[in-house]
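# Topology and contacts: notes
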Amino acid sequence: MGKKKGLNLSIIDSELKIDGSIVSRGKLIIKGSLRGAIEGETVVIAEEGEVHSDARVVSMTIGGSFEGEIHASKELIILSTGSCSGKVVCKDLIVENGGILNADVCCKTAKKMTIDSKKKDETNPMPGDGRKIEL
């Protein structure tokens, strides 16, 4: 029998509170509380989830509460039950009707995100050369 390519799935359940950094491959579902840095591929914050973090991810979906800074190389999706505050740098941004976004937002092309991640400017973490949305 050949090996099946499995999807890595990690869950922070509703009764779990974490203070610290997480590095994740595959999909990470957060139903509990997380305070700390996140580095990963696909992160989903469930409706009951609460996150205070600096996150560097490929894709993030927020159905609960997020506060901090997000760098999403692909997309950020805020569901109708979700709220996001802080700073956001992403390629694509989707906010469902009812979703709350109170953040400095910078949407960039994939090319600009790659260039910016290679030459990080500490004095200006949100360069103005991308498409900028102010809400």
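Note that this is a predicted model, so its numbers are computed, not measured. In this numbering scheme, every chain counts its residues from 1 along its sequence in written order. Given that the model is predicted, a residue must reach a pLDDT of at least 70 before its local features are reported, and side-chain atom pairs must reach 80 or more before they are shown or counted; all residues, however, enter totals for whole chains, interfaces and linings. Excluded from the side-chain calculation are hydrogens and water; included are all heavy atoms of the structure.

What is meant by a nonpolar core is a set of buried Ala, Val, Leu, Ile, Met, Phe, Trp, Tyr and Cys residues, joined one to another through side-chain atoms within 4.5 Å. Any residue under 20% of the maximum accessible area for its type is buried, any over 50% is exposed, and the rest in between are partly exposed; the area is computed with a 1.4 Å probe on protein chains only. Ranked by internal contacts, the top residues of the largest apolar core, which has 25 residues, are Ile-30, Ile-38, Met-60, Ile-62, Phe-66, Ile-70 and Val-88. Any two residues whose heavy atoms approach within 4.5 Å are treated as being in contact. Beyond its immediate chain neighbours, meaning those up to four positions away, Ile-70 contacts Ala-55, Met-60, Ile-62, Leu-76, Cys-84, Lys-87, Val-88 and Val-89.

Okay, the pairing of strand β6 (residues 38–45) next. Pairs of strands are assigned from DSSP output, requiring at least two bridges between the strands. Each helix is a run of DSSP H or I of at least 4 residues and each strand a run of E of at least 2, with the numbering of both proceeding from the N terminus. Inspection of the sheet shows strand β3 (residues 22–23) paired to β6 by two bridges, in the parallel sense. Paired with Ile-22 across the bridge in β6 is Ile-38. In this structure, strand β4 (residues 27–30) lies alongside β6, joined through four bridges in parallel fashion. Considered in β6, the bridge of Ile-29 is made with Val-44. Bridge count between β6 and strand β7 (residues 50–62): seven bridges; the pairing is parallel. When the sheet's bridge partners are listed, Ile-45 is paired in β7 with Ile-62.

Counting rule for disulfides: a pair of cysteine sulfur atoms within 2.5 Å. The full count for this structure, using the stated rule, is zero disulfides. As a non-bridged cysteine, Cys-84 has Cys-90 as the owner of its nearest cysteine sulfur, 9.2 Å distant. Cys-90 takes part in no disulfide bond, and the closest cysteine sulfur, belonging to Cys-107, lies 3.9 Å away. Residue classification places Cys-90 among the buried positions, given a relative accessible area of 0%.

Our next topic: the side chain of Ser-59. Take Ser-59: it is sitting in strand β7. The contact partners of Ser-59, leaving out residues within four places of it in the chain, are Glu-41, Thr-42, Val-43 and Glu-75.

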